[in-house]
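Below, each chain spelled out in residue letters.
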Amino acid sequence: MESAIALTRFYHPLLTGSYSHHLRSLSLFNSTPIFPKLSSVKYPFATISPARFIVTASSSPLSPSTTVAESQGLEIKSVPTKPIEGQKTGTSGLRKKVKVFMQENYLANWIQALFNSLPPEDFKNGLLVLGGDGRYFNKEASQIIIKIAAGNGVGKILVGKDGIMSTPAVSAVIRKREANGGFIMSASHNPGGPDYDWGIKISEIKIADIPDVDLSQLGVTKYGNFSVEVVDPVADYLELMENVFDFSLIRSLISRPDFRFTFDAMHAVTGAYAKPIFVDKLGASLESIANGEPLEDFGHGHPDPNLTYAKDLVNILYGENGPDFGAASDGDGDRNMILGRRFFVTPSDSVAIIAANAQDAIPYFQSGPKGLARSMPTSGSLDRVAQKLNLPFYEVPTGWKFFSNLMDAGKLSICGEESFGTGSDHIREKDGIWAVLAWLSILANRNKDKRSGEKLVSVADVVTEHWATYGRNFFSRYDYEECESEGANKMIEYLRDLISKSKAGDKFGSYVLDFADDFTYTDPVDESVASKQGVRVVFSDGSRIIFRLSGTGSAGATVRIYIEQFELDVSKHDMDAQIALKPLIDLALSVSKLKDFTGREKPTVIT
């Protein structure tokens with residue numbers, strides 16, 4: 001299993017990643033008002049100036065007590081070390097096997113390198129946030145990060161109780177507390193445990209000689225001028241959700257005797273959020289929460305909310321007399337899967353439907369979204385919503401940092417990616433719980449006038465009505481995980497050479513080529529250019545085949561093939577996607593020579 005640490009994003013040339021699933025990059029939020037859409041709602045968040053934060057390390061009202069260690073200062077140890085081979089930061093942080101991170105000074109090296117790479121004014125005497133998905137090794141890593149932060153002059157760290165805090169919650173806490181940034185200890189949707197993954201999204205290590213902090217008790221512990229505050233990981237995030245959504249409206253749906261709801265936390269971090277939000281605040285029964293206890297190894301499961309790894313939830317929704325609505329989230333809480341009774345909502349459709357209904361169903365968007373965006377491989381269903389609503393639209397490479405730039409510039413409100421990530425500018429991260437609440441808001445709004453005994457508008461009804469209005473984008477993704485890197489790279493090079501020789505009008509079986517390229521994106525905010533983001537083959541009828549390599553695991557390469565076909569004819573909307581797309585799927589496998597290059601007969605996951 002992998003672990004990853006990710007900082008929540010300092011804008012720094014050595015750390016250009018977004019919050020995803022590694023020690024995600026520490027983050028300075030230099031944006032305009034954080035909640036411009038909440039003008040009618042009282043919300044205790046500050047407006048951030050275009051400069052940097054002024055940090056005030058005040059105590060949380062949640063803290064029941066303060067424990068002061070009798071010390072006038074800190075003893076800082078200088079531990080000799082040296083560079084470690086292969087310790088290369090990726091897009092959003094560092095991800096390796098747990099046993100690699102447990103090697104002497106391995107994690108400490110990377111954390112110290114991070115501080116070395118940043119201007120001292122970005123963290124000296126500042127406030128940082130620390131949390132993770134609860135996977136194996138997070139507790140030990142928390143103590144290492146706390147001590148190195150103290151050794152490098154950080155003023156205060158806010159850490160979630162037991163080291164737990166979802167990725168979206170870290171983002172929310174950073175904004176509310178006006179922190180300089182934060183650390184997220186997660187390998188996202190990858191398995192956890194001593195044999196799996198961990199991550200944290202030089203010449204010496206500076207480490208404070210202080211005792212381990214008791215992360216099981218809320219409160220503040222001080223060591224000289226440095227302090228650690230253990231906070232409730234749910235409170236600030238819950239407060240944000242209550243101001244984004246109409247909880248009384250959602251509660252009116254969940255409390256109906258003719259509506260049944262289930263949420264699968266997959267023994268991951270959202271287990272800590274499910275009961276306070278869905279049960280305590282919204283009135284769902286405790287039995288509606290499945291796998292609700294966060295476990296270090298995720299109960300030996302793979303916390304990736306898709307049709308393969310969340311099969312238990314799928315079986316419940318497709319079973320006899322299944323619930324009306326089902327949802328799941330991933331390891332660190334930033335991904336989601338939405339299901340109705342015997343009905344799966346693709347992530348591409350999900351973000352489009354949320355965008356189409358946001359203004360009517362979600363108070364945060366009462367003035368309408370500012371703009372919409374999707375990742376390039378995600379289907380074009382969101383494009384059609386943007387066109388109908390006359391909203392600015394952006395197609396960006398895979399990677400949340402591209403969305404974040406647009407959000408910071410005030411150009412974007414709602415965005416998503418086909419890899420089960422959906423979000424908005426309520427934070428700067430994709431957000432699994434937010435997506436579930438958005439869907440519940442849509443259903444509650446559609447059913448608010450339904451009397452007891454009347455047939456409720458279902459998930460399937462919402463989706464099919466959307467298709468009737470906008471057309472259906474049949475979409476599927478084939479993942480071939482842990483392929484040999486050499487063969488996978490040769491396949492992509494072969495495809496790049498193939499498209500360089502192709503021209504409009506060329507025949508690919510029964511399909512006529514419109515254009516083919518290797519996607520390049522110029523950021524409209526900072527004018528940075530991202531090239532070689534995926535090989536696209538687009539046909540004259542709008543059908544698309546896309547090929548990408550993904551490095552979200554710690555071993556080998558994952559080959560992803562995306563297949564899409566638009567259908568306006570309502571009479572064909574009920575077709576199974578795999579049947580509708582079979583000619584394109586066969587063409588994709590043939591054109592890419594995937595079997596020849598990788599030796600793989602079948603995909604690991606189909607979504």
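Residues numbered from 1 in each chain as written. Predicted model: local features only at pLDDT ≥ 70, side-chain atom pairs only at ≥ 80, totals over all residues. Heavy atoms only, no water.

- The name given to the protein in an unreviewed UniProt entry is Phosphoglucomutase, chloroplastic isoform X9, with Nicotiana tabacum as the source organism.

### What about the overall build of the protein?
Item 1. Per the secondary structure count, the protein includes 17 helices and 29 strands.
Item 2. Buried residues in the protein amount to 59% of all 607 residues.
Item 3. As displayed, the protein offers around 23,100 Å² of accessible surface, 49% of which is attributable to carbon and sulfur atoms. (Helix = DSSP H or I, 4+ residues; strand = E, 2+ residues; numbered from the N terminus. Buried < 20%, exposed > 50% of the residue type's maximum accessible area, 1.4 Å probe, protein only. Areas by Shrake-Rupley, 256 points an atom, 1.4 Å probe, with all protein chains shown as cover.)

### Some words on the sheet that holds strand β19 (residues 414–417)
Item 1. Pairing within the open sheet is mixed, and its 4 strands lie in the order β18-β17-β19-β20. Looking along the sheet, the strands with just one partner apiece sit at the ends: β18 (393–396) and β20 (421–424). Taking the axes of each pair of neighbouring strands and ignoring which way they run, one obtains an average angle of 15 degrees across the sheet.
Item 2. Helix α10 (residues 381–389) contacts β17 (372–375) and β18 of the sheet and is inclined by roughly 165 degrees relative to β17. (Pairing = 2+ DSSP bridges. Axes fitted to C-alpha atoms, helices over the stretch in contact; angles between N-to-C directions. Contact = heavy atoms within 4.5 Å.)

### Comments concerning the environment of Val-79
Item 1. Within the secondary structure, Val-79 is located in strand β3 (residues 76–80).
Item 2. Of the residues examined, Val-79 reaches a relative accessible area of 26% and is grouped as partly exposed.
Item 3. Along the chain, Val-79 and Ala-108 lie 29 residues apart, while their C-alpha atoms are 9.9 Å from each other.

### Topic: the nonpolar core
Item 1. In this structure, Phe-278, Phe-325, Leu-437 and Leu-440 are the most contacted members of the largest nonpolar core, which totals 78 residues.
Item 2. Here the element with the most residues in this core is helix α12 (residues 432–446); it accounts for 11 residues.
Item 3. In contact with Leu-437, other than residues within four places in its own chain, are Met-241, Phe-245, Phe-247, Ile-250, Ile-277, Phe-278 and Leu-282.
Item 4. By size, the runner-up hydrophobic cluster in this structure holds 34 residues, among which are Phe-115, Ala-141, Val-213 and Val-230. (Core = buried A, V, L, I, M, F, W, Y, C linked by side-chain atoms within 4.5 Å.)

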